[in-house]
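Each chain, letter by letter, is given below.
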Amino acid sequence: TRYFVDHRKVRVVGGRGGAGGHSFYSEPRKIFGGPDGGNGGDGGHVILKADQQTKSLSSVLPFYQGFHGGKGGRKNCYGANGAYVYVKVPVGTLVKEDGEVVADLTQHGEEYVAAYGGAGGKGNCFFLSNENRSPTLSTPGEPGQERVLHLELKTTAHAGLVGFPNAGKSSLLRAISRAKPAVAAYPFTTLNPHVGIVHYQDYEQVAVADIPGLIKGAHQNRGLGVTFLKHIERCRFLLYVVDLSVPQPWIQLQDLKYELQQYDRGLSERPCVVIGNKIDLAESRINLPLLKERVAERVIALSALTGDNLEELLWHLRELYDTYVKTEQSRGQSPAKW
């Protein structure tokens with residue numbers, strides 16, 4: 001079983017450059033042909049490449065090294081360059097070194113050279129001059145660059161389901177997509193983010209991320225803490241899931257917005273919709289009009305268990321997606337596609 005991994009420490013070393021050749025050309029009737037040692041090949045790089053098919057950092061190993069360059073040969077033959085080592089990482093991977101972000105791979109196919117290979121050495125032919133007609137000097141290849149990087153994954157999805165534990169986020173994702181997150185009657189059932197794809201008839205696909213439940217003080221690393229708050233940063237719009245069966249459900253919405261605002265200022269101001277879940281319960285029907293009176297955002301009441309009113313959510317989800325696409329296109333940027 002491969003578990004979801006959203007952070008990884010990796011040591012990367014570029015390939016060593018090949019040594020320069022040391023030889024003199026000699027053949028019958030041309031004994032003193034001069035130096036003919038070729039240069040060594042360059043070492044291979046270690047390259048991080050964003051791949052849309054990769055969804056977790058679980059396949060990333062703790063150590064990578066580029067291939068070494070070949071040694072320079074006789075008759076001015078250059079050594080072969082070392083092959084590059086490509087490491088596939090998910091889209092949305094942050095690359096950090098000493099706590100500073102050095103790369104942000106947000107597009108499919110985007111590459112970042114994590115470690116450069118060393119330059120190849122010079123053969124004795126390189127040192128030929130009028131003053132030195134028979135050089136014996138050749139240089140070894142340079143070692144490759146060595147770095148220790150921290151990879152951090154922030155889930156890239158169009159919409160993020162935000163709510164307290166047992167609000168019904170996983171059940172809702174199961175109802176609108178083919179994702180199968182765990183569902184149980186105890187808090188913190190979801191320990192890893194899940195991404196479900198909502199398919200529409202015109203072949204558009206909207207990615208919805210199920211973020212593990214938040215609690216009060218999550219921005220202070222309580223509960224699951226900032227470990228999963230960071231996955232909400234990449235979501236273009238938010239779906240607040242509120243349990244209508246609890247007393248005063250609008251308090252949940254206020255607490256959720258407060259935690260997001262404390263974690264990242266402006267995060268709670270993104271386009272959103274409030275989803276009142278568990279409308280099939282009697283208490284929920286009483287609390288629904290009270291929630292609508294105290295909330296300025298649009299409220300969609302539904303039941304993830306019975307499937308009541310899911311169509312309204314899917315239509316509004318598409319409206320949010322279309323607005324996001326038009327906004328990105330007006331800025332001259334390409335919207336994220338699945």
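- Taking an unreviewed UniProt entry as the reference, the protein is identified by name as MTG2 GTPase belonging to Piprites chloris.
- The annotation that UniProt attaches to the protein under Sequence similarities (unreviewed entry) is "Belongs to the TRAFAC class OBG-HflX-like GTPase superfamily. OBG GTPase family."

## Some remarks on the overall build of the protein
(1) Moving on: In terms of helices and strands, the protein carries 5 helices and 14 strands.
(2) Moving on: Split into buried and exposed, the 338 residues of the protein put 48% on the buried side.
(3) Moving on: Within the structure as shown, the protein displays about 17500 Å² of accessible surface, and the carbon and sulfur contribution to it stands at 50%.

## So, the sheet that holds strand 4 (residues 85-90)
(1) Moving on: Ordered by their spatial adjacency, 3 strands build an open sheet running 4-2-7, and the pairing between neighbours is mixed. The sheet is open, and its two edges are formed by strand 4 and strand 7 (111-115), each paired on a single side. Geometrically, the sheet is characterised by an average inter-axis angle of 30 degrees between neighbouring strands, direction not taken into account.
(2) Moving on: One ladder, built from 6 bridges, connects strand 2 (residues 46-51) with strand 4; its direction is parallel. In the sheet register, Val-46 faces strand 4, and the bridge partner there is Val-85.

## Quick look at the pattern of salt bridges
(1) Moving on: Enumeration according to the criterion identifies 9 salt bridges in this entry.
(2) Moving on: A salt bridge links Arg-147 to Glu-97; its shortest N-O distance comes to 2.6 Å. Placement of Arg-147 in strand 8 (residues 146-153) and of Glu-97 in strand 5 (residues 93-97) is noted, with a sequence separation of 50 residues between them.
(3) Moving on: Owing to a relative accessible area of 22%, Glu-97 belongs among the partly exposed residues under this scheme.
(4) Moving on: Across the pair Lys-257 and Glu-297 runs a salt bridge whose closest N-O atoms are separated by 2.3 Å. One end of the pair, Lys-257, is in helix 3 (residues 250-263); the other, Glu-297, is in the loop between helix 4 (282-294) and strand 14 (299-301), with 40 residues separating them in the sequence.

## Topic: helix 3
(1) Moving on: For helix 3, with 14 residues, the first-to-last C-alpha span of 20 Å sits near the 20 Å given by 1.5 Å per residue.
(2) Moving on: Of all the positions in helix 3, only Trp-250, Gln-252, Leu-253, Asp-255, Leu-256, Glu-259, Leu-260 and Gln-261 are classed as buried.

## What to know about the sheet that holds strand 5
(1) Moving on: The strand order across the open sheet built from 5 strands is 3-1-8-5-6, with neighbouring strands paired in mixed fashion. Strands with a single pairing partner mark the edges of an open sheet, and in this sheet they are strand 3 (63-65) and strand 6 (100-105). On average, each strand axis in the sheet is tilted by 30 degrees relative to the strand beside it, whichever way the strands run.
(2) Moving on: Sheet topology places strand 5 next to strand 6; 5 bridges connect them, and they run antiparallel. Looking at strand 6, one finds that Val-95 is bridged to Ala-103.

## Observations regarding the environment of Glu-297
(1) Moving on: Classification of Glu-297 as partly exposed rests on a relative accessible area of 24%.
(2) Moving on: Considered as a pair, Glu-297 and Val-273 are 24 residues apart in the sequence and their alpha carbons are 6.2 Å apart.
(3) Moving on: Once residues lying within four places of it in the same chain are set aside, the contact partners of Glu-297 are Leu-253, Lys-257, Cys-272 and Val-274.
(4) Moving on: Looking at Glu-297, its side chain comes within polar contact range of the side chain of Lys-257, at 2.3 Å.

## Description of unusual backbone geometry
(1) Moving on: Residue Tyr-203 is not a glycine yet carries a positive backbone phi of 70 degrees.
(2) Moving on: Structurally, the position occupied by Tyr-203 is in the loop between strand 10 (194-199) and strand 11 (205-210).
(3) Moving on: A residue is classified by how much of its surface remains accessible, and Tyr-203, at 75% relative accessible area, is exposed.
(4) Moving on: Positive phi, close to 65 degrees, is recorded for Asn-309, a residue that is not glycine.
(5) Moving on: You can see Asn-309 is positioned in the loop between strand 14 and helix 5 (310-330).

Analysis parameters
Residues numbered from 1 in each chain as written. Predicted model: local features only at pLDDT ≥ 70, side-chain atom pairs only at ≥ 80, totals over all residues. Heavy atoms only, no water. UniProt positions renumbered as here; feature names shortened; annotations may be inferred. Helix = DSSP H or I, 4+ residues; strand = E, 2+ residues; numbered from the N terminus. Buried < 20%, exposed > 50% of the residue type's maximum accessible area, 1.4 Å probe, protein only. Areas by Shrake-Rupley, 256 points an atom, 1.4 Å probe, with all protein chains shown as cover. Pairing = 2+ DSSP bridges. Axes fitted to C-alpha atoms, helices over the stretch in contact; angles between N-to-C directions. Salt bridge = Lys/Arg side-chain N within 4 Å of Asp/Glu carboxyl O. Expected span 1.5 Å × (residues − 1). Contact = heavy atoms within 4.5 Å. Polar contact = N/O pair within 3.5 Å; in protein donor to acceptor, adjacent residues only side chain to side chain.

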